[in-house]
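Take a look at the letters that make up each chain.
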Amino acid sequence: LSVARHVLKGFSSSSGAGTAGKLGADMPEPAKKAASAFTKKPKTLEVTAGSAAEFVAETGKADAKVKWQSDGKDIQASDKYAIKSEGVQHVLTVNNATKEDEVVYAVICGTSKVKFELKVKQEERKEAAGSQANAPAAAPAEPAAPAEQKEDGSANSAERGPVAEKGEEQSTKATPLPKGEREAEVPATVPRPAEELPTIQLPNDTQDEKPSDSAMARKDSVWSCGETATEEMAKLDDSNRSTLFIEKPQSGTVTVGTDITFVAKVEAKDLLRKPNAKWFKGKWLDLASKAGKHLQLKESFDRITRIHTFEMQIIKAKDNYAGNYRCEVTWKDKFDSCTFDLEVIEAPEVQQIDIRAAFKRRAAPVSGGDGQDDAGELDFSGLLKHREMKEESTEPDFDVWELLKNAQPSQYEKIAFEHGITDLRGLLKRLKRIKREEKKSAAFAKILEPAYQAEKGDKIRFVVDLADPTVDLKWYRNGQELRPSPKYIFEHKGTLRMLTIKNCTMADDAAYQVSAGDEKCTTELFVKEPAVLITRALEDRNELVGERVELECEVSEENAQVKWYKNGIELGASPKHRFRTEGKKHCLIIPEASKTDSGTYSVKTTGGQSQAVMKVDMKPLKILQNLTDQVVRAGQQAVLECELSEANVGGKWYKNGQMIYASERVKITHRKKVHKLVVEKMALDDDGEYTFVPDGYSMQLGAKVRMIDSPKLHLDHLSKTPEIVVVAGNKLRLDIPVTGEPMPKIVWMKGEKVIMDTGGRVKAESFPDHTSLVIEMAEKDDSGPYKIVVQNEAGEDSAQLKIKVVDVPDPPAPPIVTEVGGDWCSMMWNPPDYDGSSPILGYVIERKKKQSSRWMRLNFDVCKEMTFEPKNMIEGIPYEVRVFAINAIGMSKPSEPSKAFVPLAPTSEPTLLSCDGVTDTSVSLKWRPPERIGAAGLNGYRIEYCLEGSNEWIVSNSELTDKTKYTINGLPTGEKIYVRVKAVNVAGESPPISMTTAILVKEVVEPPKIRIPRQLKQTYIRKVGEPLNLLIPFQGKPRPKVSWTKDGDPLDTNTVNIRNTDADTVLFIRKTERKHSGNYELTVQVEKIQDKATIVIQIVEKPGPPMTVKIVDTWDTNVALEWSPPKDDGNAAITGYTIQKADKKTMDWYTVIEHYHRTNCVITELIIGNEYYFRVFSENMCGLSDDATVTKNSALIQKEGLALKPPKYNDFDFQEIPKFTHPLINTVAVAGYNATLNCSVRGNPKPKISWMKNRMIIENDPRYRMFSNQGVCTLEIRKPSPYDGGLYSCKAINALGEDEVECKMEVRVSQ
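Below, the structure is looked at part by part. Just so it is clear, the structure is predicted and the values come from calculations on it, not from any experiment. Along each chain, the written sequence defines residue order, and numbers are assigned to residues from 1. Residues qualify for local features only when their pLDDT is at least 70, as the model is predicted, and side-chain atom pairs are given and counted only at 80 or more; totals for whole chains, interfaces and linings, by contrast, use all residues. The side-chain numbers reported here are obtained from all heavy atoms of the structure, hydrogens and water having been left aside.

Structural notes on the overall build of the protein chain
What counts, and what does not: A run of DSSP states H or I qualifies as a helix once it reaches four residues; a run of E qualifies as a strand once it reaches two. Both are numbered from the N-terminal end. Only protein chains enter the accessibility calculation, which uses a 1.4 Å probe; a residue whose area is less than 20% of its type maximum is buried, one above 50% is exposed, and one in between is partly exposed. Residues count as neighbours in contact if any of their non-hydrogen atoms are within 4.5 Å of one another. Accessibility throughout is a Shrake-Rupley quantity obtained with a 1.4 Å probe, and a residue counts as covered only by protein chains that appear here.
Along the backbone of the protein chain there are 10 helices and 97 strands. Classification of the 1311 residues of the protein chain by burial places 41% in the buried group. Sequence-distant contacts, at least 24 apart, represent 64% of the contacts inside the protein chain between residues at least 6 apart. Accessible area of the protein chain: about 73200 Å², with a carbon and sulfur share of 49%.

The structure is reproduced here in structure tokens:
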């Protein structure tokens, strides 16, 4: 490659170039491109199906990372593919090749990528299958030449074609560049003559590992400056480690104009925040600044999987986007990086050109002499002709050469663009040659070749042909004139002038120049040094600190140059590292090894490298005397001393992990094996853990040094206040300074009780320089003497303190109301149990209504007495009072409220006291309530009596009665008594009401009388199964005898229950039956006087069905029916019948007539052609019978010729204005018993009924229930009270009008 590069360089540097040199100077130089990573590339192979194919690639660096691809996908080692890497050689073996393996393969190293193909041919004869299988598949007779590819994927398709490569065993003799025969005629497997030089490949624009010229020339591209050297990228590519990535971006291939996306994923399991990701092209170009139309960078985060995803999307890729890319992720001190390649492929396919045929040499004007057989210039005309023939143009012919020759260099690119020339660079090279040929050199008939190559130790000859042999000629090397010598030999042969350099060394690798008069021509000599191999490798070493270390290796050449490395960093001569060379032996000498010298050492030559690991350990160190813990009093000296087994081992002293430096107070000494640390005048800051660490060793010696000092309490700030006063409820924090080391143990005590530091409200706290007594929300119990004691191992100290807590007084006891008036009361209370350690100054009194929460203060001046009389209260309202105590600190909490009291007076006396009955041992009284009861209400009555002739009143009822009647029992028969009644409430007893005359205790006979309720004066009807409960009151004295009979017979007590009292009797049947119907007779008898009453009870149930139902006649659409009444009427009159019909087909029953009273009827409007059955239900007051009687025969409605036309009847207008047919009746109801109001109304359409009380509509009141059935309207009042009395009215309204009835109802309280 270097030879080809210098060939092009010769065009611009030759003195005979003339105008071409000027043209080259005006043209912009292409950007420097990275060198290929491959020194040997794999070739396209053709193998027989079933055999193995082996591709070999060699890299410039040993152990370089190489990736193989098949059809754009990465190849992993498997049974099909075998991948092997040894040093610089990398081998891919495809086993058992088939037609499916005929794809494009690629090998990638860094930014370099080479493509090649595998061709598989089928066996021609089965007989030859065995022999072909045994033949080596990797070396076919005529392998195909490799297809040249751009390493970045943008291959110049116009210059693509097969090129033969140099054989490995080819001679390296240095001769001028070859000329003449095409190398394509020489098979790749045939060794070439020793005189031939390697084939010159295309210039820069045709090298496999270089980007295309168009990509480099486009300086306005967004990423045109992002290329980097392969070696630098290799340093960044560290795929063996991945601290953050869980998915790395993979290399990819994209066609020009399409999109591609690279994805990197980072797991956020251990990351607290989002990591930072950057994308680079090449080494340093940050793509974040280039984001836009063609580049988009995206970030996303999945909260479920906790994975960050970073994407780089390239939109509408261009050919110059190809190259090496890098993704970096950082988070705090973590870093991860990965590299990947992008290959951009041109979409259209173009004609393949034989580059070897295009690269032919132009014959030199003079032939003959040594080294002149292959001399000549490269002729690119063949290549340009192929380019011109690529596509026929229909445009007019232009002589582009004439335009370029006559144009300024700055216009070359414009002319090429206008005329569709894509290979401007090749065109300019040809233009240089054309212009050079126009002007012949005056001094030289033939100039030097642009470049020469020779092996180290060989000789090289430079030849020029002079046009004028008389011209003085001089030779120069790197600008210095050469003189004849045994190394440099000048020769003359006619017009030829020759310079021969013997025994070429690396110093002869230089630029050479020959001058003939005023003209000059130049060339370059490249001396190829043979590879230096390592014949004896380095060996791993384990050494000790301080010893001399020599790392030795042997190479294949004497005095060869080698480079030494440590951990990948080149080493240079220094006092630490010295180098020694003895013939083929090379040594790295470390005079005195240290721990830092541990690592991996390597030696590199031009032909290989060797490495070894050296580990340097410390010499074993023994402790002869260890450090000991010390306790030192304040102000004294502390000495720490240790002794080691090695005298020359230094060390460092540390205190609590911090290094100690010598000072006036701290002395550090090291004498032989003894290390000593002396601290003068120990202070508190000198306490700690001291450590001595020997230099170079991981061991350490430690000891603790403690300073001690006697404890002392500092109470100077409390001397003026021997007693500490604090207001209750406030926080007290008493800080007492304390000194002493170690920190003394501090104990606070109140009496014999120790105050803990973990206490709740009262606690003691200890700090390094003081102690504190903390009382949260001080209370009275906190008053008293306190003692504090401090103690440590150096001594003890104590002190006494007194604390007084002053507070508001405790609340007084609940006040006592001693007397109550109409609007006043008298109250008293006792002083509080605790005065808050301050004298009581007075009291404040408040009152409130019992149901209120607002207290009102009664005295604005402090009351110094313990009695008070509140006034101006409302009679009948319950009140409560409370008291506050006041001292100098403040007001106490209120006392508990007193018992509720009501300011009120007794009621007036009861009224209308009379005797309600007398027996031989009792007297019954009745009276009316007092006229004035008052706001306090009435608690009850107390009844007293006094025997005639006595003044002692005897209380008859021990507990008050709230009724207005009472019976005094246990009286002596025949005596006369006086009676009186008092009303009692919370205010006391009212004045009594007395009877003016005495009452004789002797019973009076009262004839019996039965009071039958109104509903029992007529037949009482109940349904079977319902309960029966009849209450019948009566009167008579003495207590009457009560008896019941049914139809003249005694009652059956098993089914009928009777309960009798002094004033009523109850007949109860739990579940009625038909047999309970009959006439019940009640007899009440007092002595020989009787009173009787008869009650008729009828128990009813549903009737049975009619006995028979017959079809009497059938005509037209009519059927006449006749039936007989039911055998069982349910003990109630039959109120009607219900007739139903059913079609014989469906037997679905439909009602025809309801509530029909006769026992025959005619069913009309039947459907002709249908056959019907009929059935009849009986009905009484309980409802329809459970069963129906069905006709035995059916009635068939036959179709006849004549149709009956029924007569027309005018519809009757049934509409009627509402009218009450039965009005409401004034009623007197008893309080506590349900009352009903009934009326009946008629009207059509059905009127709306509304009830009113005192002209107010009754609705949504649970105490009232309203019923309406068949025009009968009922209002039920549940358990009325006297307040339910008033004017009740019922209003009926429909569309035609309205009607209203009303009545008065009085509710009386039962006596």
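Points about the side chain of Asp-686
Formally: We define a polar contact as two N or O atoms separated by no more than 3.5 Å, with the added condition that, inside protein, one atom must be a possible hydrogen donor and the other a possible acceptor, whereas residues neighbouring each other in sequence contribute only through side-chain atom pairs.
Turning to its location among the elements, Asp-686 is positioned in the loop between β45 (674–679) and β46 (688–694). Here the side chain of Asp-686 touches Ala-683 through a polar contact of 3.0 Å, landing on its backbone nitrogen. Among all residues touching Asp-686, those that are not within four sequence positions of it are Lys-655, Arg-665, Val-679, Lys-681 and Val-705.

A look at the state of the cysteines
Stated precisely, the cut-off is as follows: Whenever a pair of cysteine sulfur atoms sits within 2.5 Å, that pair is classed as a disulfide.
A complete count under the given rule lists 0 disulfides for this structure. Cys-1303 takes part in no disulfide bond, and the closest cysteine sulfur to it belongs to Cys-1239, at a distance of 8.6 Å.

Here we look at the environment of Thr-93
Of note, Thr-93 is situated in strand β7 (residues 89–94). A relative accessible area of 15% places Thr-93 in the buried class. Between the C-alpha atom of Thr-93 and that of Val-56, which follows or precedes it by 37 residues, the distance is 8.8 Å. Ignoring sequence-local partners within four residues, the contact set of Thr-93 consists of Ala-52, Ala-53, Glu-54, Lys-80, Tyr-81 and Ala-82.

Topic: the sheet that holds strand β2 (residues 45–48)
What counts is decided by this rule: Should DSSP find at least two bridges between two strands, the strands are taken to pair.
Overall, mixed pairing links the 5 strands, which are arranged β2-β9-β8-β4-β5 in an open sheet. The open sheet has two edge strands, β2 and β5 (73–74), and neither has a second partner. As paired elements, strand β4 (residues 67–70) and β5 share 2 bridges and run antiparallel to each other. Opposite Gln-69, over in β5, you have Asp-74 as the bridge partner.

Focus on the packing of aromatic side chains
The following threshold applies: The pairing test for Phe, Tyr and Trp rings, Trp by its six-membered ring, is centres within 6.5 Å, and the orientation test on the planes gives stacked under 30 degrees, edge-to-face over 60, and tilted for anything in between. When the NZ atom of lysine or the CZ atom of arginine is within 6 Å of a ring's centre and also within 35 degrees of its normal, the charge is said to sit over that ring.
Going through the model one piece at a time under the given rule, you end up with 17 aromatic pairs. For the ring pair Trp-279 and Phe-340, a centre distance of 6.1 Å and an interplane angle of 80° mean the geometry is edge-to-face. Of this pair, Trp-279 sits in strand β13 (residues 276–281) while Phe-340 sits in strand β18 (residues 334–345); the two residues are 61 residues apart in sequence, bridging distant segments of the chain. Residue Trp-279 shares its accessibility class with Phe-340, and that shared class is buried. Taken together, a centroid distance of 4.9 Å and an interplanar angle of 75° make the contact between Tyr-452 and Phe-462 edge-to-face. Highlighted residues: Tyr-452 in strand β22 (residues 451–455) and Phe-462 in strand β23 (residues 460–466), separated in sequence by 10 residues. By relative accessible area, Phe-462 is classed as buried at 0%. Among the aromatic residues, ring-to-ring pairing joins Phe-55, Trp-68, Tyr-105 and Phe-116 into one connected group. Sitting above the plane of the Trp-855 ring, Arg-882 keeps its charged end 4.0 Å from the centroid. In this structure, Arg-980 packs its charged tip against the face of Trp-953, placed 4.1 Å from the ring centre.

Topic: the sheet that holds strand β94 (residues 1264–1269)
Applicable threshold: Angles here are taken between N-to-C directions and fall from 0 to 180 degrees, while the axes themselves are lines fitted to C-alpha atoms, restricted in helices to the stretch in contact.
Taken together, the 4 strands give an open sheet; going across it, the order is β89-β91-β95-β94, and neighbouring strands pair in antiparallel fashion. This sheet does not close on itself; its edge strands, each paired only once, are β89 (1216–1222) and β94. Sheet twist, expressed as the average angle between the axes of neighbouring strands with direction ignored, equals 25°.

Observations concerning the pattern of salt bridges
Where charged atoms from two side chains of opposite charge come close, those side chains can pair. Rules: What counts as a salt bridge is simple: a side-chain nitrogen of Lys or Arg found within 4 Å of a carboxyl oxygen of Asp or Glu.
Summed over all chains, the structure comprises 51 salt bridges. Two residues, Asp-597 and Lys-576, come together in a salt bridge whose shortest N-O distance is 3.0 Å. One end of the pair, Asp-597, is in the loop between β36 (585–590) and β37 (599–605); the other, Lys-576, is in the loop between β34 (569–570) and β35 (578–582), and 21 residues separate them in sequence. In this structure, a network of salt bridges that share partners links the residues Arg-942, Glu-944, Arg-980, Lys-982 and Glu-989.

Looking at the environment of Tyr-966
Structurally, Tyr-966 is set in strand β66 (residues 965–968). For the pair formed by Tyr-966 and Trp-927, sequence separation is 39 residues and the distance between their alpha carbons is 9.1 Å. For Tyr-966, the contacting residues outside a window of four places in its chain are Val-923, Ser-924, Leu-925, Trp-927, Ile-943, Ser-956, Asn-957 and Thr-961. Here the side chain of Tyr-966 touches Ser-956 through a polar contact of 3.4 Å, side chain to side chain.

A look at the nonpolar core
Here is the rule: What makes a nonpolar core is a set of buried Ala, Val, Leu, Ile, Met, Phe, Trp, Tyr and Cys residues whose side-chain atoms join them at distances within 4.5 Å.
Among the nonpolar cores identified, the biggest contains 41 residues, and Trp-564, Leu-627 and Leu-640 are the most heavily contacted of them. For this core, the secondary-structure elements that each account for two or more residues are β32 (549–555), β36, β37, β38 (608–617), β41 (638–644), β45, β46 and β47 (701–713). Here Leu-627 is in contact with Leu-640, Glu-641, Cys-642, Trp-653, Tyr-690, Phe-692, Leu-701, Gly-702 and Ala-703, once residues within four sequence places are set aside. One finds Phe-245, Ala-277, Leu-287 and Tyr-325 within the second-largest nonpolar core, a separate group that totals 27 residues.

A closer look at the pairing of strand β95 (residues 1272–1277)
The element β95 is extensively covered by neighbouring structure, given that 5 of its 6 residues are classed as buried. In terms of strand pairing, strand β91 (residues 1235–1244) meets β95 through 6 bridges, oriented antiparallel. Looking at β95, one finds that Cys-1239 is bridged to Cys-1273. Strand direction decides the pairing type here: β94 and β95, joined by 6 bridges, are antiparallel. By the bridge assignment for β95, Arg-1265 is matched with Glu-1276. Between β94 and β95, which pair antiparallel and follow one another directly, the connecting turn spans 2 residues, one of which, Gln-1270, has a positive phi of 55°.

Here we look at the pairing of strand β85 (residues 1171–1180)
Summarising burial for β85: 9 of the 10 residues are buried, a large majority. Both strand β82 (residues 1136–1143) and β85 contribute to a ladder of 8 bridges, which runs antiparallel. Each bridged residue has a counterpart across the sheet, and for Asp-1143 the counterpart in β85 is Tyr-1172. Taken together, the 2 bridges between β85 and strand β88 (residues 1195–1196) define a ladder with antiparallel strand orientation. Following the sheet pairing, Tyr-1172 is matched in β88 by Ala-1195. With 2 bridges joining them, β85 and strand β87 (residues 1189–1190) adopt antiparallel strand pairing. Its bridge partner lying in β87, Val-1176 is registered against Thr-1189. Relative to strand β86 (residues 1183–1184), β85 runs antiparallel, the two being bridged by 2 bridges. Considered in β86, the bridge of Glu-1179 is made with Leu-1184. Taking the residues that link successive antiparallel strands as the turn, the β85-β86 hairpin has 2 residues.

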